[in-house]
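Breakdown of the fold
These are the residues of each chain, in order.
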Amino acid sequence: MTQSPTESRPRWSPWSVHGDGRSVRPGDVVHPDERLSWPRTLGVGVQHVVAMFGATFTVPLITGFPPATTLFFSGLGTLLFLVITGNRLPSYLGSSFAFIAPVLAAKAGGDIGPALGGILVAGAALALVGVIVHVAGARWIDALMPPVVTGAIVALIGLNLAPVAWDGGGSGTGVKAQPLIAVVTLVAILLATVAFRGFLARLSILLGVAVGWALAAATGQLDPNAVDGLREAAWVGLPEFHAPSFSLRAVVLVIPVILVLIAENAGHVKAVAAMTGRNLDKDMGRAFLGDGLATVLAGSGGGSGTTTYAENIGVMAATRVYSTAAYWIAGAAAVLLGLSPKFGALILTVPAGVLGGATTALYGLIAVLGARIWIESRVDFHDPVNLMTAAVAVIVGAANYTLTAGDLSFNGIALGTGAALLIYHGMRLIARLRGTTPEPRT
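Everything numeric here is computed off the predicted structure, so don't read it as measured data. (Residues numbered from 1 in each chain as written. Predicted model: local features only at pLDDT ≥ 70, side-chain atom pairs only at ≥ 80, totals over all residues. Heavy atoms only, no water.)

A tally of regular secondary structure across the protein chain gives 20 helices and six strands. Burial statistics for the protein chain: of 442 residues in total, 53% are counted as buried. Pairs at least 24 apart in sequence give 79% of the contacts found in the protein chain among residues at least 6 apart. Of the roughly 19300 Å² that the protein chain leaves accessible, carbon and sulfur atoms contribute 67%. (Helix = DSSP H or I, 4+ residues; strand = E, 2+ residues; numbered from the N terminus. Buried < 20%, exposed > 50% of the residue type's maximum accessible area, 1.4 Å probe, protein only. Contact = heavy atoms within 4.5 Å. Areas by Shrake-Rupley, 256 points an atom, 1.4 Å probe, with all protein chains shown as cover.)

Within this structure, the stated rule accounts for five aromatic pairs. Ring geometry for F72 against F73: centres 5.3 Å apart, planes inclined by 80°, an arrangement best described as edge-to-face. Assessed through its relative accessible area of 12%, F72 is described here as buried. A residue is classified by how much of its surface remains accessible, and F73, at 6% relative accessible area, is buried. Centroid distance W374 to F381: 5.3 Å. Interplanar angle 85°. Geometry classified as edge-to-face. You can call W374 buried: its relative accessible area is 14%. Aromatic rings pair up to connect F72, F73 and F241 into one cluster. (Phe/Tyr/Trp six-rings, centres within 6.5 Å; stacked < 30°, edge-to-face > 60°.)

It is worth spelling out the side chain of S91 at this point. The residue S91 is located in the loop between α2 (67-84) and β3 (93-95) in this model. Not counting residues within four places of it along the chain, the set of residues in contact with S91 comprises T78, F81, H268, T308, Y309 and Y327.

Attention now moves to helix α19 (residues 384-398). The end-to-end C-alpha distance of α19, which contains 15 residues, comes to 21 Å, matching closely the 21 Å that a straight helix rising 1.5 Å per residue would cover. Taken as a whole, α19 has its buried residues at V385, N386, T389, A390, A393, V394, V396 and G397. Here the buried residues of α19 occupy an arc of 165° about the axis, which is enough to place them on one side. Of the surrounding elements, those touching the buried residues of α19 are α6 (147-160), α18 (352-376) and α20 (412-434). At the N-terminal end of α19, a side-chain oxygen is found 2.9 Å from the backbone nitrogen of V385, two or three residues along, and the residue is D383. (Expected span 1.5 Å × (residues − 1). Arc of directions from axis to C-beta. Polar contact = N/O pair within 3.5 Å; in protein donor to acceptor, adjacent residues only side chain to side chain.)

With that settled, consider the pattern of salt bridges. Within this structure, the stated rule accounts for four salt bridges. In this structure, E376 engages R372 in a salt bridge whose closest nitrogen and oxygen atoms are separated by 2.8 Å. Residue E376 and its partner R372 are located together in helix α18, separated by four residues, close to a single helical turn. Using a relative accessible area of 48% as the deciding quantity, one classes R372 as partly exposed. Between D383 and R428 there is a salt bridge; the shortest N-O distance is 3.0 Å. One end of the pair, D383, is in the loop between α18 and α19; the other, R428, is in helix α20, and 45 residues separate them in sequence. Each member of the pair, D383 as well as R428, carries the same accessibility label: buried. (Salt bridge = Lys/Arg side-chain N within 4 Å of Asp/Glu carboxyl O.)

As structure tokens, this is what we get:
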């Protein structure tokens, strides 16, 4: 007689063993409250670490945050997220690219304290949204941020970051600093994307960075100070912690990022629900709360703001294993890696040209992801309201329009986000009152 999932679950374990624990039959999935055998679950967990690693360590390299600290808090945040969501939402919380531009703008004289304060406040705001959604439901999120607005915000973030890929936003790093290294890195990324199949293809960014780093090392273009730091770093030790400081300017710059985090988290929940055949809308508020508190935790100690990672959704889709047990392993592994100063020092040796080549692809992908949201949501650009919303918001973000009022400074992402929301809802209201344009199609 075949055991039911409840019968095969030990009293001490939140997971039942799926089938024989060794394989997943065609058409089946391993649900969040199930797992394979522990050796196989360990293997899937390691895959999640590899999948999140490329993007998670790239963000602190660009923003000047300690990479090992960011990795440490991403693992800790993932474990916190699993607890808050009641072990029902499989997700890895990695570094959010949405924070890059506002963090670079918020860093005062190279001091990351104000940027950390902005990250902390943004996380607290997202956590508050999570509480509201948990109590009131998630329908108002869709009304506030329809796909045309969400796509515009994501696209303008990618375009706003384009100058950073070229010359570090004026700092002289990026592609401009080491053109040959950057081009080789970018070409390696492109080739790895099409030359490999399956999981290796998903590591194209990481493989490209490795090729660029090897070329820089062979031609003597690594930073000598970074290499010396690698030699001197201990194998085991605490990461480099930083305390946040608070300024209204930094908070204003960073706070619009929560709109992107809301969209990413909502998309993650809906994607997992679709792939597992379970309705997870009731857990949407918990997802916002978990990501918000994880971001607060990161901002309190020197880590980058977090978000649920699409890379890891890809791993789940490929393996059909949605077990939260694998994410407990991935989170614990990231925490352990963060406790190795040697590992953090290795990441700091990545040269500017390698970052420039990698970010050329990454920032472009962010911009195109906005267009993908429009396409998949079938946004009707015959509607002038949708057309104007996207057109104005994207240009404001790409040109990095800046408004200064006293000590406050609003950059392209903040202004573009505000423009998308104001133009869409303002034009829609006027059009409805005047009867001049049709209502949006759902």
